[in-house]
Amino acid sequence: MSVTERLAEVRERIARACRDAGRPAGSVELVAVSKTFEAEHITPALAAGQRLFGENRVQEAKAKWPALKEAWPGVELHLIGPLQTNKVREALGLFDVIHTLDRPSLAEALAKEIAKSDRPSPRLLIQVNTGEEPQKAGIAPLEADAFIDACRDVHKLAVEGLMCIPPADEPAAPHFALLAKIAKKHGLATLSMGMSGDYETAIALGATHVRVGSAIFGTR
Ligand SMILES: *Cc1c(COP(=O)(O)O)cnc(C)c1O
């Protein structure tokens with residue numbers, strides 16, 4: 001199947017998952033994860049109307065996206081990988097949404113650079129390490145309440161939601177439910193959860209953004 005056909009199938013499945021969950025069509029945004037794929041693979045998705053894309057590395061996004069953004073108006077670029085504090089300035093110049101705010105030092109660095117910058121702040125999501133995996137980024141669930149409050153009250157960051165990546169070897173649903181519960185407690189409207197293998201489950205549990213890579217672009 002081509003990128004165009006796979007994208008159409010993912011869109012169809014998202015629409016069906018919305019119907020099944022009793023949610024309005026269009027209440028879920030598809031972030032097409034284009035990491036590792038070159039422009040020639042991304043162009044068919046752009047031609048099919050896809051405008052939200054996810055990348056996990058600042059350097060890779062910087063190499064690929066300025067030219068694509070120039071050629072295809074309306075692109076919204078999402079950073080879904082860990083952000084080093086020394087890359088914050090570059091990230092602010094590239095990304096419209098950052099899904100991976102996950103530690104106090106990054107909140108501080110973001111606040112400082114946003115204040116200095118003449119661009120509007122990117123939209124910000126806090127990554128929660130719902131599985132408490134040591135190798136994975138994200139704030140621990142027990143520290144999430146205090147971190148969300150500090151981002152808002154101390155750093156004055158306009159946090160709009162949460163993101164998680166469940167452990168690969170566990171059912172994803174309990175992790176999605178935990179993320180939704182923390183978001184609700186804090187009045188956060190955006191939930192970035194669900195990837196190629198589990199985005200329908202995530203939609204059933206309230207995802208507003210699903211991040212789908214291989215189901216659209218093929219295996220990496
Ligand atoms: C790569 C990646 C995805 C997409 O994964 P697929 O399984 O290919 O859909 C989603 N979210 C994050 C954070 C990723 O790094």
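So, a few notes on the structure that sits alongside this text. (Residues numbered from 1 in each chain as written. Predicted model: local features only at pLDDT ≥ 70, side-chain atom pairs only at ≥ 80, totals over all residues. Heavy atoms only, no water.)

### Concerning the overall build of the protein chain
Summing up its helical and strand segments, the protein chain has nine helices and eight strands in all. Its C-alpha radius of gyration of 17 Å places the protein chain within 12% of the 17 Å reference for a compact globule of 220 residues. In terms of overall dimensions, the protein chain has C-alpha extents of about 50 × 40 × 30 Å along its principal axes. Burial status across the protein chain gives 48% buried among its 220 residues. Counting only contacts in the protein chain whose residues sit at least 6 apart along the sequence, the fraction spanning at least 24 positions is 60%. Total accessible area on the protein chain stands at roughly 10,300 Å², and carbon and sulfur atoms take up 53% of it. Side chains of the protein chain give 27 positive and 28 negative charges; the mean places of these two sets differ by 2 Å. (Helix = DSSP H or I, 4+ residues; strand = E, 2+ residues; numbered from the N terminus. Rg over C-alpha atoms; globule rule 2.2 N^0.38 Å. Buried < 20%, exposed > 50% of the residue type's maximum accessible area, 1.4 Å probe, protein only. Contact = heavy atoms within 4.5 Å. Areas by Shrake-Rupley, 256 points an atom, 1.4 Å probe, with all protein chains shown as cover. Lys, Arg positive; Asp, Glu negative; His and termini not counted. Charge placed at Lys NZ, Arg CZ, Asp CG, Glu CD.)

### Concerning helix H7 (residues 173-185)
Taking 1.5 Å of rise per residue, 13 residues should cover 18 Å, and H7 covers 18 Å from first to last C-alpha, within 8% of that figure. Every buried residue belonging to H7 is among His175, Phe176, Leu179, Ile182 and Ala183, and all of these are buried. Taken around the axis of H7, the buried residues stretch over an arc of 125 degrees, which confines them to a single face. Along H7, exposed side chains directed more than 90 degrees from the buried face belong to Pro174, Lys181, Lys184 and Lys185. Where H7 is buried, its residues touch helix H6 (141-153), strand S6 (159-163), strand S7 (190-192) and helix H8 (199-204). A positive backbone phi angle near 65 degrees is found at glycine 187, which sits one or two residues after H7. (Expected span 1.5 Å × (residues − 1). Arc of directions from axis to C-beta.)

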